[in-house]
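Residue-level listing of the chains:
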Amino acid sequence: MPTTPSALFVCVHNAGRSQMAAGFLRELGGGAVEVRSAGSAPKDTINPVAVEAMLERGIDIRAEQPKVLTTEAVEASDVVITMGCGDACPIYPGKRYEDWQLDDPAGQGIEAVRPIRDEIERRVRGLLASLDVEAVA
């Protein structure tokens, strides 16, 4: 019986990039991938401009909350995608890691966040293909 692949998106604040990536993976994966996101130093709320950018694509991440990165989340994930968290991200043997170099949307306006969002979507589509999961949209 095949197992559901899982992915963990990690950035420092878990308020922008990792939340947008998780939103895209949940939406485009159609439930075929278990999705997690976390931050090494999470903020209290999600970046409102990231929320706005995702709403433009029909993906609502308003109910999400930044979460602290735990070793359990890393251990439970098949793929760990880091986005600028540096040495704060634990490394475990046997896990697949990818480091996505992306601009931080913190403090940016919507015009600056849209290209970041679009690049995240492109990379999430590539991630789905690498997991042999067909995007639903």
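Above this text sits the structure in question.
Since this is a predicted model, take the numbers as computed values, not measurements.

### Quick word on the packing of helix 1 (residues 17-29) against helix 4 (residues 110-130)
- Across the interface, helix 1 lies against helix 4 with an axial gap of 9 Å and an inter-helix angle of 45°. The angle between the axes of helix 1 and helix 4 places the two elements in the oblique class. Of the two elements, helix 1 crosses helix 4, and the hand of that crossing is right-handed. Judged by residue contacts, Arg17, Met20, Ala21, Phe24, Leu25, Leu28 and Gly29 of helix 1 engage Val113, Ile116, Arg117, Ile120, Glu121, Val124, Arg125, Leu127 and Leu128 from helix 4.
- Residues of the contact of helix 1 with helix 4, tallied by class, amount to eleven nonpolar, one polar and four charged.

### Observations concerning the pairing of strand 3 (residues 79-82)
- Residues of strand 3 alternate between two faces, with Val79 and Ile81 on one and Val80 and Thr82 on the opposite face, all of them buried.
- Across four bridges, the pairing between strand 1 (residues 6-11) and strand 3 is parallel. Bridge pairing in strand 3 places Ala7 opposite Val79.
- Here strand 3 runs beside strand 4 (residues 96-99); their pairing, made up of four bridges, is parallel.

### Regarding the pairing of strand 2 (residues 34-39)
- Buried residues dominate strand 2, accounting for five of its six residues.
- Two elements, strand 1 and strand 2, share six bridges in a ladder whose sense is parallel. Each residue of the ladder has a partner; that of Ala7, found in strand 2, is Val35.
- Crossover handedness for the path strand 1 to helix 1 to strand 2: right-handed.

### Points about the sheet that holds strand 1
- Read from one edge to the other, the open sheet built from four strands follows the order 2-1-3-4, with strand pairing classed as parallel. The open sheet is flanked by strand 2 and strand 4, the only strands paired with a single partner. With direction set aside, neighbouring strand axes in the sheet form an average angle of 20°.
- Relative to the sheet, helix 1 contacts strand 1 and strand 2, its axis offset from that of strand 1 by approximately 160°.

### Looking at the packing of helix 2 (residues 48-55) against helix 4
- Orientation of helix 2 relative to helix 4, taken along the N-to-C sense of each, is 60°, at an axis distance of 9 Å. Classified by the interaxial angle, the pair formed by helix 2 and helix 4 is oblique. Pair helix 2 / helix 4 crosses with right-handed handedness. Of helix 4, the residues touching helix 2 (which contributes Val49, Ala50, Glu52, Ala53 and Met54) are Ile110, Val113 and Arg117.
- Counted by class, the contact of helix 2 with helix 4 contains six nonpolar, no polar and two charged residues.

Cut-offs applied
Residues numbered from 1 in each chain as written. Predicted model: local features only at pLDDT ≥ 70, side-chain atom pairs only at ≥ 80, totals over all residues. Heavy atoms only, no water. Axes fitted to C-alpha atoms, helices over the stretch in contact; angles between N-to-C directions. Helix = DSSP H or I, 4+ residues; strand = E, 2+ residues; numbered from the N terminus. Parallel < 35°, antiparallel > 145°, perpendicular 65-115°, else oblique. Left-handed = near helix turned anticlockwise from the far one by under 90°. Contact = heavy atoms within 4.5 Å. Nonpolar A, V, L, I, M, F, W, Y, C, P; charged D, E, K, R; others polar. Buried < 20%, exposed > 50% of the residue type's maximum accessible area, 1.4 Å probe, protein only. Pairing = 2+ DSSP bridges. Right-handed = clockwise from strand over helix to strand, strands pointing away.

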